[in-house]
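Architecture and fold: a report
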Amino acid sequence: MRKEELNSIVASVRAYLDLERESGVEEYYFASDEAVAAACADRPAAVPQGLDELKKEVLACRECDLCQTRTNVVFGAGNPKAKLMFVGEAPGEQEDKQGLPFVGRAGQLLTKIIEAMGLKREDVYIANILKCRPPNNRAPLPAEIIACRNNVKRQVEMINPRVICTLGKFASQTFLNTETPISALRGIFREYNGIKVMPTFHPAYLLRNPDDKKIVWGDMKKVMKELE
Ligand code: SF4
């Protein structure tokens, strides 16, 4: 086994145990080889048809006022054939600077969660409802969500994951077409166009409310089971 592989396994186990300890769980669960294989679809020779074209289109988008204040459009990143897709709300400061999703503090926590699931960021696909940063990280406006939501829905259509994990109120309500609060939506599998959707709290919320990490970890265990 190569040193990088060993380091990756150690990081994964460490992240898993951290989350387990924080959630006070005593029963240990490790994803089976089959579950990991199911979640990590083989790398495709080429991205699904249309994803590159969609990216070009979105990078040039000026459909809402956020195009005037953005530094970069944050299209999304990861395995274009992923079985598991995470969808958050909107890019923050770091994401706007780097043009990549979930690379700030909340992103580091999401990475930890993904690794605790026995996966790597490259195994899943990560995107947001809005592709451009709202100034000062304010909440997305309804008009902005309406202008942008078809981009992420087209990404879902092209990637065709088995499970979408919606992070926070805006992503969950957008995919499930509801105004039900995230506290009532989370933890139960819902459906979007035949794809299972697991709503859970956003990692940024968890940074402010670390006691709720155990709730999200419980939701992720359901996702791991579904991917088996
Ligand atoms: S947020 Fe979405 S709709 Fe608005 S400019 Fe950016 S890509 Fe276009």
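Structural data are supplied above this passage.
1. A closer look at the sheet that holds strand 2 (residues 84-88)
- The strand order across the open sheet formed by 6 strands is 1-3-2-4-6-5, and the pairing between neighbours is mixed. Pairing within the sheet leaves two strands with one partner each, and these edge strands are strand 1 (77-78) and strand 5 (190-192).
- Pairing of strand 2 with strand 3 (residues 125-128) involves 4 bridges; the strand directions are parallel. The residue bridging Gly88 from the neighbouring strand is Asn128, located in strand 3.
- Strands in contact with helix 10 (residues 213-227) are strand 2, strand 4 (163-167) and strand 6 (195-200); relative to strand 6, the strand with the most contacts, it is inclined by about 165°.

2. Quick word on the nonpolar core
- The biggest cluster of nonpolar side chains holds 30 residues, and the ones touching the most others in it are Met85, Val87, Ile164 and Phe175.
- Listed by contribution, the elements that provide at least two residues to this core are helix 3 (51-59), strand 2, strand 3, helix 6 (142-159), helix 7 (169-176) and strand 6.
- Considering each element in turn, this core owes the most residues, 5 residues, to helix 6.
- When sequence neighbours within four positions are dropped, the list of residues in contact with Val87 reads Ala127, Asn128, Ile129, Val152, Ile164, Cys165, Thr166, Leu167, Ala171 and Phe175.
- Of all hydrophobic cores here, the second largest spans 25 residues; its members include Ile113, Leu167, Phe201 and Val216.

3. Structural notes on the pairing of strand 3
- Both faces of strand 3 are covered, namely the face carrying Tyr125 and Ala127 and the face carrying Ile126 and Asn128.
- Bridge count between strand 1 and strand 3: 2 bridges; the pairing is antiparallel. The partner of Ala77 across the bridge, within strand 3, is Ile126.

4. With respect to the environment of Lys153
- Structurally, Lys153 is set in helix 6.
- It is 9.9 Å that separates the C-alpha atoms of Lys153 and Tyr192, two residues lying 39 residues apart in sequence.
- Leave out the neighbours within four places in its chain, and Lys153 touches Thr174, Phe175 and Tyr192.

5. Comments concerning the pattern of salt bridges
- Counted according to the given criterion, the structure contains 5 salt bridges.
- Close ionic contact of Lys97 with Glu93 constitutes a salt bridge, the shortest N to O distance being 3.7 Å. Of the two residues, Lys97 and Glu93 both sit in helix 4 (residues 93-98), 4 residues apart, roughly one turn of that helix.
- On the basis of relative accessibility, which here comes to 43%, the residue Glu93 falls in the partly exposed class.
- Residue Asp219 pairs with Arg186 through a salt bridge whose shortest N-O separation is 2.7 Å.

6. A look at the site of the ligand
- Taken together, Cys61, Glu63, Cys64, Cys67, Arg70, Lys131, Cys132, Ala147 and Cys148 form the complete shell of residues around the ligand.
- When grouped by side-chain class, the residues that make up the shell around the ligand number 6 nonpolar, no polar and 3 charged.

7. Considering the packing of helix 6 against helix 7
- The interhelical angle for the contact between helix 6 and helix 7, taken along N-to-C directions, is 75°, at an axis separation of 11 Å. One element, helix 6, and the other, helix 7, form an angle in the roughly perpendicular class. Residues Ile145, Arg149, Val152, Lys153 and Val156 of helix 6 form the contact with helix 7, whose participating residues are Phe170, Thr174 and Phe175.
- When its residues are assigned to classes, the contact of helix 6 with helix 7 shows 5 nonpolar, 1 polar and 2 charged.

8. Details of helix 5 (residues 105-116)
- Along its 12 residues, helix 5 runs 17 Å from first to last C-alpha, staying within 8% of the 16 Å computed at 1.5 Å per residue.
- Of the residues making up helix 5, those classed as buried are Ala106, Gly107, Leu109, Leu110, Thr111, Ile113, Ile114 and Ala116.
- Following helix 5 by one or two positions, Gly118 has its phi on the positive side, about 85°.

About the thresholds
Residues numbered from 1 in each chain as written. Predicted model: local features only at pLDDT ≥ 70, side-chain atom pairs only at ≥ 80, totals over all residues. Heavy atoms only, no water. Pairing = 2+ DSSP bridges. Helix = DSSP H or I, 4+ residues; strand = E, 2+ residues; numbered from the N terminus. Contact = heavy atoms within 4.5 Å. Axes fitted to C-alpha atoms, helices over the stretch in contact; angles between N-to-C directions. Core = buried A, V, L, I, M, F, W, Y, C linked by side-chain atoms within 4.5 Å. Buried < 20%, exposed > 50% of the residue type's maximum accessible area, 1.4 Å probe, protein only. Salt bridge = Lys/Arg side-chain N within 4 Å of Asp/Glu carboxyl O. Near = heavy atom within 4 Å. Nonpolar A, V, L, I, M, F, W, Y, C, P; charged D, E, K, R; others polar. Parallel < 35°, antiparallel > 145°, perpendicular 65-115°, else oblique. Expected span 1.5 Å × (residues − 1).

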